[in-house]
Amino acid sequence: MAKRLIKIFLFLAIAGFVGYRYFYYVDRDSNCFIKIKPSYLEFSASNIKEGIKILKYAVPEEYEKLCIYVDTINPNISCGGFQGGCYSFYNDNVKEIDISTANHDFLSSTASVIAHETCHAIQFQTYGREGIDEKECYAVGNKVMTAVIDF
Amino acid sequence: MENSIFQKISFFAVLGLILIIIIYLSVNAASYFDPLSWCHIKIHGDIAGGSEKTIKQALRTIKKTNPGAYAEVCNYVDTISEKRYCQTGDSRVESGLEGGGWIDPPCYVKGSKTIYLLSDKEESEAVVSKRAAQIVEFARRSQTFWQPIDLFMK
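Scope of this entry: the structure provided in the associated data block. (Residues numbered from 1 in each chain as written. Chains lettered and ligands numbered in written order. Predicted model: local features only at pLDDT ≥ 70, side-chain atom pairs only at ≥ 80, totals over all residues. Heavy atoms only, no water.)

## Brief notes about the overall build of chain A
The following threshold applies: Numbering goes from the N terminus for both helices and strands, where a helix is a DSSP run of H or I of at least four residues and a strand is a run of E of at least two. Each residue's exposure class comes from its accessible area (1.4 Å probe, protein chains only) as a fraction of the maximum for that residue type: buried when under 20%, exposed when over 50%, partly exposed otherwise. Pairs of residues are marked as contacts when any of their non-hydrogen atoms sit within 4.5 Å. Accessible surface is estimated by sampling points in the Shrake-Rupley manner with a 1.4 Å probe; for residues, cover comes only from the protein chains shown. Only four residue types enter the tally: Lys and Arg on the positive side, Asp and Glu on the negative side, with His and both chain ends excluded. Note that the charge is assigned to NZ on lysines, CZ on arginines, CG on aspartates and CD on glutamates.
Across its full length, chain A holds five helices and six strands. Along chain A, helices (α) and strands (β) appear in the sequence α-β-β-α-α-β-β-β-α-α-β when read from the amino end. Relative to its full complement of 151 residues, chain A shows a buried share of 48%. When contacts within chain A are restricted to residue pairs at least 6 apart in sequence, those whose partners lie at least 24 apart make up 64%. If you sum the accessible surface of chain A, you get close to 8,000 Å²; carbon and sulfur atoms cover 59% of it. If the 15 positive side-chain charges of chain A are averaged to one point and the 18 negative ones to another, these points end up 13 Å apart.

Okay, structure coming up:
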């Protein structure tokens, strides 16, 4: 009986660790919980988590928007292509964005793509399909990129 | 009886030592690991046109020549990555960006502890010295970013 309990505990601990490490972004202080779907090709959850952390500390206003308007990130290749991003209003979940960055991608670019797709999520959730405006979101991405780079 | 306990202890001591050596070697293969200084830095080399070896040598040089700066590097840098560019902005939005928004490294991304160095496969003393200077400089920038946040968190 004790052996079985230890096995169950170990299984839950490992599953919890893997889930927390690769499939969730959790920031209790900011009430921010984002699910990261499994990435079959790029295995890029750590790059995405780093990108989110960059927004949190270097561009907090964009981080706040991300935590409100996005609850799921799909890291698989989507309409944005490799190293890009995408927001699809055909998704059942309007709070889902696609971020197709690879694991060792340049981090300011990942943070910028996350902010860009969050901008589309805000546009769609606020104004519907007519609200989608690429120019506004390119400007948000550029703002993030210029804010975080130090060269 | 005593002999058998002694044999068991020796067996586990040797096994432990072998395990420690294996862990040390495997961690060191993909990163810079200096357990005595509690320093671990991931290194993402450019397989096609870079050299992780000169990054590790640069870190050892900093340790030898400037221990104060070495402590800063260990505290404020967790990844050193070789890249052929740093992206500074989006030329679709901002015209007149240097290099159209793509410049040569080194650079640092605020909010991370990652610094980027220009890919270089040359393995000379000059490259090691240049890399050491760049690592110290950009670790300082990371420190400038994180220090106020660390103080606020405390």
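Structure's up, so let's keep going.
## Observations regarding the interface of chain A and chain B
Here is the rule we go by: A quick way to say it: buried area is the sum, across both parts, of accessible area lost when two parts are put together, with a 1.4 Å probe. Take a side-chain nitrogen of Lys or Arg and a carboxyl oxygen of Asp or Glu: if they are within 4 Å of each other, that pair is a salt bridge. Within 3.5 Å is the distance limit for a polar contact, defined as a pair of N or O atoms, with the added protein rule that one can donate a hydrogen and the other accept it, and that residues adjacent in sequence qualify only through two side-chain atoms.
At the interface, 21 residues of chain A touch 28 residues of chain B. Across the chain A/chain B interface, buried area totals approximately 2,300 Å², and carbon plus sulfur atoms make up 61% of it. Across the chain A-chain B interface, the total number found is one salt bridge. Asp150 of chain A is the salt-bridge partner of Arg141 of chain B, the closest N and O atoms lying 2.6 Å from each other. Where chain A touches chain B, the interface holds eight residue pairs in polar contact (both at pLDDT 80 or more). Within the residue set of the side of chain A that touches chain B, elements represented by two or more residues are α2 (45-58), α4 (107-127), α5 (134-148) and β6 (149-150) of chain A. Sorting elements by how many residues they give to the side of chain A that touches chain B places α5 of chain A first, with seven residues.

## Topic: the pairing of strand β5 (residues 96-99) of chain A
Residues and elements named next belong to chain A. Rules: One requirement defines pairing of two strands: DSSP has to find at least two bridges between them.
Across the two faces of β5 the burial is the same, with Glu96 and Asp98 and Ile97 and Ile99 all buried. Taken together, the three bridges between strand β3 (residues 72-74) and β5 define a ladder with parallel strand orientation. Each bridged residue has a counterpart across the sheet, and for Thr72 the counterpart in β5 is Glu96. Sheet topology note: the strand β4 (residues 85-86)/β5 ladder contains two bridges and is antiparallel. Residue Gly85 lies in a different strand from β5, and its bridge partner there is Ile99.

## Considering the environment of Ile34 of chain A
All names here are of chain A. Here Ile34 is to be found in strand β2 (residues 32-36). The sequence separation of Ile34 and Ile52 amounts to 18 residues, and the corresponding C-alpha distance is 10.0 Å. Excluding residues that lie within four positions of it along the chain, Ile34 makes contacts with Phe23, Tyr24, Tyr25, Ile52, Leu66, Val70, Asp71, Thr72 and Ile73.

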